[in-house]
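As a plain string of letters, each chain reads:
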Amino acid sequence: MDLSDIFESASRSKIFADRSLLRPDYVPLELPHREKMITSLGRILSPALVGDRPSNVFVYGLTGTGKTAVTRYVTSALADHASKMKTPVPVSVKYINTRENDTSYRVLAEMASGIGIRVPFTGLSVAEVRARLVGALRSITTIYVVVLDEIDAMISRIGDPFLYQITRMNEEIQPSQMSIIGITNDIRLADNLDPRVKSSLNDEQVFFPQYQANELQDILAERAKLAFLPGALEPDVIPFCAAIGAREHGDARRSLDLLRRAGEIAEIRGANRVQRQDVEEARAALENDTIIDSIKSLTLDSRVLLLVLANAKLRGKDKLTSGELYASYENIITNGLKDNALTERRLADLVKSLEMSNLITANLVSEGRGGRTKHISLQIDPSRVIQSLADDPRLGDLAGSVGRDVLAHHEDCGARRWIL
Ligand SMILES: Nc1ncnc2c1ncn2[C@@H]1O[C@H](COP(=O)(O)OP(=O)(O)OP(=O)(O)O)[C@@H](O)[C@H]1O
Ligand SMILES: [Mg+2]
């Protein structure tokens with residue numbers, strides 16, 4: 001056997017036939033249990049095929065219920081059908097994730113790119129980008145279907161007047177016409193929109209209910225057929241992943257993530273079958289990822305607060321008073337991280353919001369003689385805080401030294417300097 005055979009057989013998976021089918025951005029060819037929503041959206045968009053403007057649509061439902069997958073599926077089928085008709089109808093479709101493109105400039109630039117107009121990444125005024133988009137739409141004749149996904153992100157950042165502006169653009173772009181599909185998992189969003197936006201976006205609505213466990217099983221089984229090698233899943237793996245997803249508000253993404261991660265864990269184990277135990281491990285690993293992501297997204301001040309609490313906990317001190325916490329925080333912050341530490345009042349706000357995210361608890365206790373303080377403790381495994389901050393550009397060294405110290409059971413006073 002030559003070396004390339006050895007490498008080839010080592011790199012050939014015993015679990016996956018095609019793991020890319022389990023990637024989050026993969027749009028499956030079949031979407032079981034979404035026939036109703038596919039038909040509704042298809043009906044709403046079909047006037048485009050005879051050159052009429054489809055109504056604007058508001059697509060909503062909880063996370064992982066298939067909104068993005070179904071909308072992408074239907075809109076690309078529409079564009080496909082339009083281009084293959086005997087006399088092809090000019091229909092253009094553009095999908096924009098407004099969490100990733102979260103400024104008016106970016107959204108308009110993406111809209112322009114959907115009809116072949118390149119706009120530089122920055123440098124023009126928003127009005128100029130808008131003018132180019134309008135000009136381009138006027139010079140061609142198309143029905144332009146624009147999908148604005150995760151519009152709650154866009155609205156919280158740039159407000160709903162912008163959305164209103166987009167829906168009003170039709171008056172200026174003739175002979176082209178534009179339809180907007182807005183997608184959100186914030187079910188109350190429609191109620192909170194400016195009434196003018198609401199009435200212009202809300203011509204039609206498509207609601208996505210949460211999946212039931214048996215529906216999730218079908219979805220997983222369908223995907224597993226192509227993604228896994230035959231016989232690579234123990235029979236209870238899919239029902240178990242489906243049950244967990246169903247419990248977490250019928251979330252297909254959650255179930256699919258579990259299945260993929262369980263497969264990877266089995267693979268690392270060197271096994272040729274995925275077992276229930278691998279799903280258990282996958283679940284713990286995914287929860288860990290969620291915590292780590294939420295810590296990484298905090299402000300520097302909040303990350304320092306968590307690091308102080310983690311360090312104390314690893315050294316056997318489960319709670320700190322607010323005074324102790326703030327003093328250690330200040331010690332670290334003023335040691336070259338920032339010019340000024342936050343005031344106690346601002347820190348108290350941060351503590352409150354960390355408490356709301358269930359990362360810490362803060363209990364008010366009396367201190368004798370009428371004084372009161374808070375006892376603050378970390379609610380998560382301190383090693384997760386260290387792990388989250390290990391590659392932090394500003395706190396990485398500190399987090400690393402806490403981790404190493406504790407691993408070595410090294411109660412060195414130097415490292416304790418900044419604790420208490
Ligand atoms: N009926 C289905 N059949 C096959 N796969 C599905 C189905 N519904 C959802 N999925 C898959 O589940 C995952 C989540 O779906 P999707 O991204 O469409 O959810 P969403 O409703 O847009 O969620 P969010 O609000 O968080 O954006 C995707 O990987 C998608 O391919
Ligand atoms: Mg989505």
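The rules behind the values
Residues numbered from 1 in each chain as written. Chains lettered and ligands numbered in written order. Predicted model: local features only at pLDDT ≥ 70, side-chain atom pairs only at ≥ 80, totals over all residues. Heavy atoms only, no water. Helix = DSSP H or I, 4+ residues; strand = E, 2+ residues; numbered from the N terminus. Near = heavy atom within 4 Å. Polar contact = N/O pair within 3.5 Å; in protein donor to acceptor, adjacent residues only side chain to side chain. Areas by Shrake-Rupley, 256 points an atom, 1.4 Å probe, with all protein chains shown as cover. 1 Å grid on protein atoms, 1.4 Å probe; cavity = no way out; pocket = protein on both sides within 12 Å on 5 of 7 lines; lining within 4 Å. Sits in = over half its atoms within 2 Å of the grid points. Domains from an automatic or database assignment. Contact = heavy atoms within 4.5 Å. Buried area = accessible area lost by both parts, 1.4 Å probe. Salt bridge = Lys/Arg side-chain N within 4 Å of Asp/Glu carboxyl O. Nonpolar A, V, L, I, M, F, W, Y, C, P; charged D, E, K, R; others polar. Buried < 20%, exposed > 50% of the residue type's maximum accessible area, 1.4 Å probe, protein only.

Peer 1: I would appreciate a short explanation of the environment of Glu 215 in the present structure.
Peer 2: Considering the arrangement of structural elements, one finds Glu 215 in helix H10 (residues 213-227). Sequence separation between Glu 215 and Arg 254 is 39 residues; the distance between their C-alpha atoms is 14 Å.

Peer 1: Sorry if this is basic, but what is going on with the site of ligand 1 here?
Peer 2: Near ligand 1, the surroundings consist of 22 residues, among which Pro 32, Thr 63, Lys 67, Thr 68 and Tyr 211 are the closest. Here an oxygen atom of ligand 1 sits 2.8 Å away from a polar atom, N or O, in the main chain of Gly 64. Here ligand 1 loses 94% of its free accessible area of 630 Å² to cover by the protein chains. Counting atoms within 2 Å of the grid points, the majority share of ligand 1 lands in the largest pocket. Every element with two or more residues in the shell around ligand 1 is listed here: helix H3 (67-84), H10 and helix H12 (252-269). Each of domain 1 (34-208) and domain 2 (213-294) gives at least three residues to the shell around ligand 1.

Peer 1: Help me understand the domain arrangement of the protein, please; the structure alone is not making it clear to me.
Peer 2: Reports of interface size often rely on the accessible area that becomes lost once the parts have come together. According to the domain assignment, the protein consists of domain 1 (34-208), domain 2 (213-294) and domain 3 (298-416). For domain 1 and domain 2, the distance between their C-alpha centres works out to 33 Å. Contact residues are listed per partner, giving four residues for domain 1 and five residues for domain 2. Of the roughly 350 Å² buried at the junction of domain 1 and domain 2 (both faces included), carbon and sulfur atoms supply 46%. Counting the surface domain 1 buries against domain 2, the share from its top three residues, Leu 62, Thr 63 and Gly 64, is 87%. Across the contact surface, domain 1 and domain 2 share zero salt bridges. Seen at the junction of domain 1 and domain 2, the total is two residue pairs in polar contact (both at pLDDT 80 or more). When its residues are assigned to classes, the side of domain 1 that touches domain 2 shows one nonpolar, three polar and no charged.

Peer 1: What's the story with the environment of Met 37 in this structure? I'm lost.
Peer 2: If you trace the backbone, Met 37 turns up in helix H2 (residues 35-45). For Met 37, a relative accessible area of 8% gives the class buried. If sequence neighbours within four positions are ignored, Met 37 has contacts with Val 70, Val 206, Phe 207, Phe 208 and Pro 209.

Peer 1: Explain the pattern of salt bridges to me, please; I cannot follow it from the model alone.
Peer 2: When the charged atoms of two side chains with opposite charge come close together, those side chains can pair. For the coordinates displayed, the defined rule picks out 24 salt bridges. Between Asp 25 and Arg 23 there is a salt bridge, with the nearest N and O atoms lying 3.5 Å from each other. Take Asp 25: its relative accessible area is 56%, and that puts it in the exposed class. By relative accessible area, Arg 23 is classed as partly exposed at 47%. A salt bridge links Asp 152 to Arg 99; the shortest N-O distance between them is 3.7 Å. Residue Asp 152 is found in helix H6 (residues 151-158), and its partner Arg 99 is found in the loop between strand E2 (91-97) and helix H4 (104-113); the two are separated by 53 residues along the sequence. Overall, the relative accessible area of 45% leaves Arg 99 in the partly exposed class.

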